[in-house]
Amino acid sequence: MSEQTMRKLAKPMLFMAAFIWGSSFFIMKDALDQMPVQYLLAIRFTIGAALLGLVCGKKWRRCTRDYVWRGAVMGAFLYLAYSIQTYGLALTTPSKNAFLTAVYCVLVPFLYWALAGVRPDRYNLTAAALCVTGVGLVSLSGDLTVTAGDALTLLCAVFYASHIVAVAKVSPEKDIYLLTVFQFAFAGIFAWMGGLLTETFPAQALTRPEVLLPLAYLGVMATTVALLFQNVGQVWSDPASASVILSLESVFGVLCSVLFAGDQVSGRMLLGFALIFVAVVCSETKLRFLRRNG
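Small disclaimer: the values here were computed from a predicted structure and weren't measured. (Residues numbered from 1 in each chain as written. Predicted model: local features only at pLDDT ≥ 70, side-chain atom pairs only at ≥ 80, totals over all residues. Heavy atoms only, no water.)

**Focus on the overall build of the protein chain**
Applied cut-off: What counts as a helix is a DSSP run of H or I of at least four residues, what counts as a strand is a run of E of at least two, and both are numbered from the N terminus. The rule is simple: take the accessible area with a 1.4 Å probe, protein chains only, and divide by the maximum for that residue type; under 20% is buried, over 50% is exposed, in between is partly exposed. Note on definitions: a residue-residue contact is assigned when non-hydrogen atoms from the two residues lie within 4.5 Å. Accessible areas in this description were obtained via Shrake-Rupley with a 1.4 Å probe; residue shielding takes into account the shown protein chains only.
Scanning the protein chain from terminus to terminus reveals 13 helices and 0 strands. In sequence order, the protein chain lays out its α and β elements as α-α-α-α-α-α-α-α-α-α-α-α-α. Across the 294 residues of the protein chain, 50% fall into the buried class. At a minimum sequence separation of 6, the contacts of the protein chain that also span at least 24 residues come to 88%. Carbon and sulfur atoms provide 68% of the accessible area of the protein chain, an area that totals close to 13900 Å².

If you want it as structure tokens, here you go:
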């Protein structure tokens, strides 16, 4: 395809990636009713590694041994993030899980400051304040307590942020597609190990359509297709626009959960969602679109 065509397709691809990831929250919630966490993740990541490995095709000629350890580091953080998020999802609603996970966008600059000494700017600090306020509105119950599911989801956001920083540290000058295959492969290996050590293999569940269809969606769409759409879309879009579009994952997560899973959302939660979304936009774009239009 021509460069002009790819630029036209870039933003629809990013929107689709955000929608697919947002819709996966309530789909995964349904799958958790039938599948233990570790085996669900193991199958999902195995499907993703196999499909993306096939897509890479001739890229495998560039593969060297250092892709293995780099992929292992990325896969370890990804596995921890997904595992904790999935356990949290079992104990909270898909809509709250979606928005609280988005906190990772705000955490990244602070983790990078700790590792690389790059101080967060005023937009990062403003975003952090907005995000903390929004998280309080979303996750605190009437007696000002945080549920176990909310706490696990916030912890998973820390590991998602750590994963992003790890990718930034180990991926330069490497093919991101090949690295992602190894990332998925190691995440799958860790999940298989976790399942073998702590869970019973759900052989009967894997014969049921209500389990197989969500697993297929999570493995094919939410893992493989969405990642490819994100990568291609970011190549042909400016970073500010791409980050705002991808942050809509949490918005789509709430909409899908309300429409298809029957989640109830209060006015206080909506205000919290709005503050978290503004925090993500502020952190990711530095509000350049306002200055450009002003």
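Let us keep going from here.
**Quick look at the packing of helix α1 (residues 3-32) against helix α2 (residues 37-56)**
This is how it is decided: What counts as an axis is a line fitted to C-alpha atoms, over the stretch in contact for a helix, and the angles between N-to-C directions run from 0 to 180 degrees. Should an angle lie under 35 degrees it is considered roughly parallel, over 145 roughly antiparallel, and from 65 to 115 roughly perpendicular; all remaining angles are considered oblique. Whether a crossing is left-handed or right-handed is set by the direction in which the near helix is turned from the far one by less than a right angle, anticlockwise for left-handed and clockwise for right-handed. Residue polarity is assigned by list, with Asp, Glu, Lys and Arg as charged and Ala, Val, Leu, Ile, Met, Phe, Trp, Tyr, Cys and Pro as nonpolar; anything else, Gly included, falls into the polar class.
Where α1 contacts α2, the two axes come as close as 10 Å, and the packing angle between them is 125°. When the interaxial angle is binned, α1 and α2 end up oblique. The element α1 and its partner α2 pack so that their crossing is right-handed. Seen from α1, the contacting residues are Met 28, Ala 31 and Leu 32; seen from α2, they are Val 37, Leu 40 and Arg 44. For the contact of α1 with α2, the per-class residue count stands at 5 nonpolar, no polar and 1 charged.

**Here's the deal with the packing of α2 against helix α3 (residues 66-89)**
It is at 10 Å that the axes of α2 and α3 come closest, and there the two elements cross at 135°. With respect to their mutual orientation, α2 and α3 come out oblique. Note that α2 runs across α3; the crossing there is right-handed. Across the interface between the two elements, Val 37, Gln 38, Leu 41, Arg 44 and Phe 45 from α2 touch Leu 78, Tyr 79, Tyr 82, Ser 83, Thr 86 and Tyr 87 from α3. Taken together, the residues of the contact of α2 with α3 sort by class into 7 nonpolar, 3 polar and 1 charged.

**Comments concerning the packing of aromatic side chains**
Defined as follows: Each Phe, Tyr or Trp ring, with Trp reduced to its six-membered ring, pairs with another whose centre is within 6.5 Å; inter-plane angles below 30 degrees give stacked pairs, above 60 give edge-to-face pairs, and intermediate values give tilted ones.
For the coordinates displayed, the defined rule picks out 10 aromatic pairs. Ring plane angle 70° and centroid distance 5.9 Å describe the contact between Trp 60 and Phe 182, whose orientation is recorded as edge-to-face. Of this pair, Trp 60 sits in the loop between α2 and α3 while Phe 182 sits in helix α8 (residues 176-198), and the two are 122 residues apart along the sequence. In this structure Trp 60 comes out as partly exposed when scored by relative accessible area, which is 33%. Accessibility expressed as a relative area gives 16% for Phe 182, which makes it buried. Between Tyr 82 and Tyr 160, the ring centres sit 5.6 Å apart and the planes meet at 65°, which makes this aromatic pair edge-to-face. Of this pair, Tyr 82 sits in helix α3 while Tyr 160 sits in helix α7 (residues 148-170); the two residues are 78 residues apart in sequence, bridging distant segments of the chain. Of the two residues examined, Tyr 82 and Tyr 160, each falls in the buried class.

**Digging into helix α4 (residues 94-101)**
Taken across its 8 residues, α4 has 8 buried, putting it largely inside the fold. Buried within α4 we find Pro 94, Ser 95, Lys 96, Asn 97, Ala 98, Phe 99, Leu 100 and Thr 101.

**Looking at the environment of Phe 182**
Sequence-wise, Phe 182 and Met 74 are 108 residues apart; in three dimensions their C-alpha atoms are separated by 8.4 Å. Ignoring anything within four residues of it in the chain, the contact list for Phe 182 reads Trp 60, Cys 63, Tyr 67, Val 68 and Gly 71.

**Remarks on the environment of Ser 283**
Along the polypeptide, Ser 283 turns up in helix α12 (residues 267-285). Among the residues examined, Ser 283 registers a relative accessible area of 4% and is labelled buried. In this structure, the C-alpha to C-alpha distance between Ser 283 and Val 106, residues 177 residues apart in sequence, is 6.0 Å.

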